[in-house]
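Topology and contacts: notes
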Amino acid sequence: MKKILIIMSLMFLLMGNANAMTLSPTGNTNVKRGDTISVYLTLKRSESEKKISAVDGKISFDESRIIFDKREGLIEGWTSLSDISNNGPFNFSNFKFDNLISETSKNIVTMKYKVKDDAPFGNSTITISNVSATDEKGDLVNISGGSFTYKVLSNIDTLKEIKINDEIIEGFNENTKKYTKNVSGNTSKVNISVTKKDNTETVTGTLDNIELKYGENKINIIVTSEAGTKSTYEITINREDN
């Protein structure tokens, strides 16, 4: 199963009264069914702020699209009191106060999510809310939540309909990829029109004013999905030789 690493940041902006945490992408935000998404929980603070000893909040997302897989890379010396899970709270703390966050930008943990094999296509969000942090004195620091939008790309690469000179191909089925059409010798050109099954698809191939020689003429219609998968419909048009 192909894994695409999508690096996103959950950023705690600790700057006086303008404290805020946002979820920001730092990589490709387009995903496919079966992919793994890696999200970095990153604390950002100003140099004037006190060191940070704990962070907590709630992460929410659409479980019909992605599911929490695992976390890794938690800062050394930090403990998870309420681990990250599906649509639940999280808390990461350092009770020994021996490895507090003093950097202006620090990755606390990496969270990994799996895109479901039947995930609905389109946009969705991961949201952080109910956020707070504790400094080296044990005082709470208020932080705002944020959200990030990612997109599950469609892998649909089939057609709903194919017409030759405005006539629907008899017995057309989107999963049947080869068709034969017989035309009279007087038919020197044809036009092919198609109806996409998904609006994000790209259709390539010569479809307009196709000149026919006598005998067999093969025409390929290539359909490419938003996710990059492809299928080819092969149309054979037999022009009678008068």
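Keep in mind it's a predicted model, so treat the numbers as computed, not measured. (Residues numbered from 1 in each chain as written. Predicted model: local features only at pLDDT ≥ 70, side-chain atom pairs only at ≥ 80, totals over all residues. Heavy atoms only, no water.)

1. Considerations on the nonpolar core
Of all hydrophobic cores here, the largest spans 32 residues; its most connected members are Ile59, Ile66, Ile84, Phe92, Ile108, Met111 and Tyr113. Counting only elements with at least two residues in this core, the list comes to strand S4 (36-45), strand S5 (52-61), strand S6 (66-72), strand S8 (88-93), strand S9 (105-115), strand S10 (122-135) and strand S12 (146-152). The element contributing the most residues to this core is S9, with five residues. By size, the runner-up hydrophobic cluster in this structure holds 18 residues, among which are Ile162, Ile192, Ile210 and Ile221. (Core = buried A, V, L, I, M, F, W, Y, C linked by side-chain atoms within 4.5 Å. Buried < 20%, exposed > 50% of the residue type's maximum accessible area, 1.4 Å probe, protein only. Helix = DSSP H or I, 4+ residues; strand = E, 2+ residues; numbered from the N terminus.)

2. Quick look at the side chain of Thr158
Within the fold, Thr158 resides in the loop between S12 and strand S13 (159-164). Here the side chain of Thr158 touches Glu174 through a polar contact of 3.4 Å, side chain to side chain. Look past the residues within four positions of Thr158 in its chain and what remains in contact with it is Glu174, Asn175, Lys197, Glu201, Val223, Ser231 and Tyr233. (Polar contact = N/O pair within 3.5 Å; in protein donor to acceptor, adjacent residues only side chain to side chain. Contact = heavy atoms within 4.5 Å.)

3. What about the sheet that holds strand S18 (residues 202-204)?
Within the open sheet, the four strands sit side by side as S15-S21-S20-S18. Their pairing is mixed. This sheet does not close on itself; its edge strands, each paired only once, are strand S15 (178-183) and S18. On average, each strand axis in the sheet is inclined to that of its neighbour by 20°, with strand direction left out of account. Inspection of the sheet shows S18 paired to strand S20 (residues 215-224) by three bridges, in the antiparallel sense. Bridge pairing links Thr202 to Thr224 in S20. (Pairing = 2+ DSSP bridges. Axes fitted to C-alpha atoms, helices over the stretch in contact; angles between N-to-C directions.)

4. Observations concerning the pairing of S5
One face of the sheet, then the other: side chains in a regular strand alternate in exactly this way. Of all the 10 residues making up S5, seven are buried; the element is thus mostly covered by neighbouring parts of the structure. In terms of strand pairing, S5 meets S10 through eight bridges, oriented antiparallel. Bridge assignment links Ala54 to a residue of S10, and that residue is Thr134. Looking at chain direction, S5 and S8 are connected through six bridges and run antiparallel. Residue pairing for S8: Ile59 is matched across the bridge by Gly88.

5. Overview of the confidence of the model for the protein
Per-chain confidence: the protein averages 85 in pLDDT, with 88% of residues scoring 70 or above. Counting contacts from residues 4-8, a segment whose pLDDT is below 50, to residues more than four positions away or on other chains yields 26 contacts. Note on residues 10-26: pLDDT under 50 across the span, and 74 contacts to partners over four residues away in sequence or across chains. (pLDDT = per-residue confidence, 0-100.)

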